[in-house]
Amino acid sequence: MKNTFDKNSYISVIDGYGYDGEGVARLEGKVVFIPYALRGEKVKFSIKSNQSSFLRGKLIEIQSKSNKRTLPPCPYFTKCGGCNYQHTTYENELGIKKELLKGQLKKVGFEKEIEVIPSSKEYSYRNKIHLFVGEQGLSLKERGSNNLCKIDKCLLISEEMNRAIGIIDSFFVAQTLYDQYSDVIIRQEN
């Protein structure tokens, strides 16, 4: 019997995690990867794509929220493709990543306990950002796409690097250079 997923929406409970931060649900025997959903949440979703062994879903509504869900501090979260876990606590993010790593290590026979050492900084820890030049200004790429997401600031880099984004953006506008460059990399040496 061929699976047909033509309904507008489905409801399921998230029971695991995928490697890009998606919640995992099950539908008619297939795994469904649903971005921005957390384990234990009851969610309403639609099907974006039907692959041979899995489905990609789009979150429509969270019908019962996890107590580990938080409000993302970034105004670009879910549009920009840079962050996958701003909708949950930092402790839960570390737990998810530990669980995923343990699963991969188990596949190669390593079943000892592993320790996750949290960063002293939840934000402002990156020393490099790769931006793309578009008509609207310096941008990041949208999740799973080559479409650009114009940003003014990124929470993962330092204030000095964020100021550099504004300065470089102003320079490109003043010199009308947007059609001459495709990308810009900003790196901060400590």
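This write-up is about the structure you can find in this document. Predicted model, so just to flag it, every value in this text is computed and none were measured.

The rules we used
- Residues numbered from 1 in each chain as written.
- Predicted model: local features only at pLDDT ≥ 70, side-chain atom pairs only at ≥ 80, totals over all residues.
- Heavy atoms only, no water.
- Helix = DSSP H or I, 4+ residues; strand = E, 2+ residues; numbered from the N terminus.
- Expected span 1.5 Å × (residues − 1).
- Buried < 20%, exposed > 50% of the residue type's maximum accessible area, 1.4 Å probe, protein only.
- Contact = heavy atoms within 4.5 Å.
- Phe/Tyr/Trp six-rings, centres within 6.5 Å; stacked < 30°, edge-to-face > 60°.
- Lys NZ or Arg CZ within 6 Å of the ring centre and 35° of its normal.
- Pairing = 2+ DSSP bridges.
- Axes fitted to C-alpha atoms, helices over the stretch in contact; angles between N-to-C directions.
- Polar contact = N/O pair within 3.5 Å; in protein donor to acceptor, adjacent residues only side chain to side chain.

1. Things to note about helix α1 (residues 90–107)
The terminal C-alpha atoms of α1 lie 26 Å apart, and with 18 residues this matches the ideal 26 Å at 1.5 Å per residue to within 8%. Among all positions in α1, only Tyr90, Asn92, Glu93, Leu94, Ile96 and Leu100 are buried. Where α1 is buried, its residues contact β2 (16–17). Looking at the residues trailing α1, positive phi occurs at Gly109, about 90°.

2. Considering the packing of aromatic side chains
As enumerated under the stated definition, the model contains five aromatic pairs in all. Judged by centre distance (5.1 Å) and plane angle (70°), the ring pair of Tyr36 and Phe77 falls under edge-to-face. You can see Tyr36 sitting in the loop between β4 (30–35) and β5 (42–50) and its partner Phe77 sitting in the loop between β6 (54–64) and α1, a full 41 residues away along the chain. On the basis of relative accessible area, Tyr36 is assigned to the buried category, the value being 12%. Take Phe77: its relative accessible area is 10%, and that puts it in the buried class. Ring pairs connect the aromatic residues Phe171, Phe172 and Tyr181, which therefore count as one cluster. Between the NZ or CZ atom of Lys141 and the centre of the ring of Phe132, over which it lies, the distance is 4.5 Å.

3. Re the sheet that holds strand β10 (residues 183–187)
Taking strand neighbours across the sheet as the criterion, the four strands line up as β9-β8-β7-β10 in an open arrangement whose pairing is antiparallel. In the strand order of this sheet, the two ends are held by β9 (148–150) and β10, each with one partner. Going from strand to strand, the sheet's axes swing by 45° on average, the running direction of each strand aside. With three bridges joining them, strand β7 (residues 128–134) and strand β8 (residues 137–141) adopt antiparallel strand pairing. Across the sheet, residue Val133 finds its bridge partner in β8, namely Leu138. Packed on one face of the sheet, helix α2 (residues 159–175) meets β7, β8, β9 and β10 and runs near 150° to β10.

4. Looking at the side chain of Ser66
Its location among the elements puts Ser66 in the loop between β6 and α1. Of note is the side chain of Ser66, whose polar atom sits 2.9 Å from the backbone nitrogen of Lys68. With residues near it in sequence (within four places) discarded, Ser66 still touches Leu38, Arg39 and Glu41.

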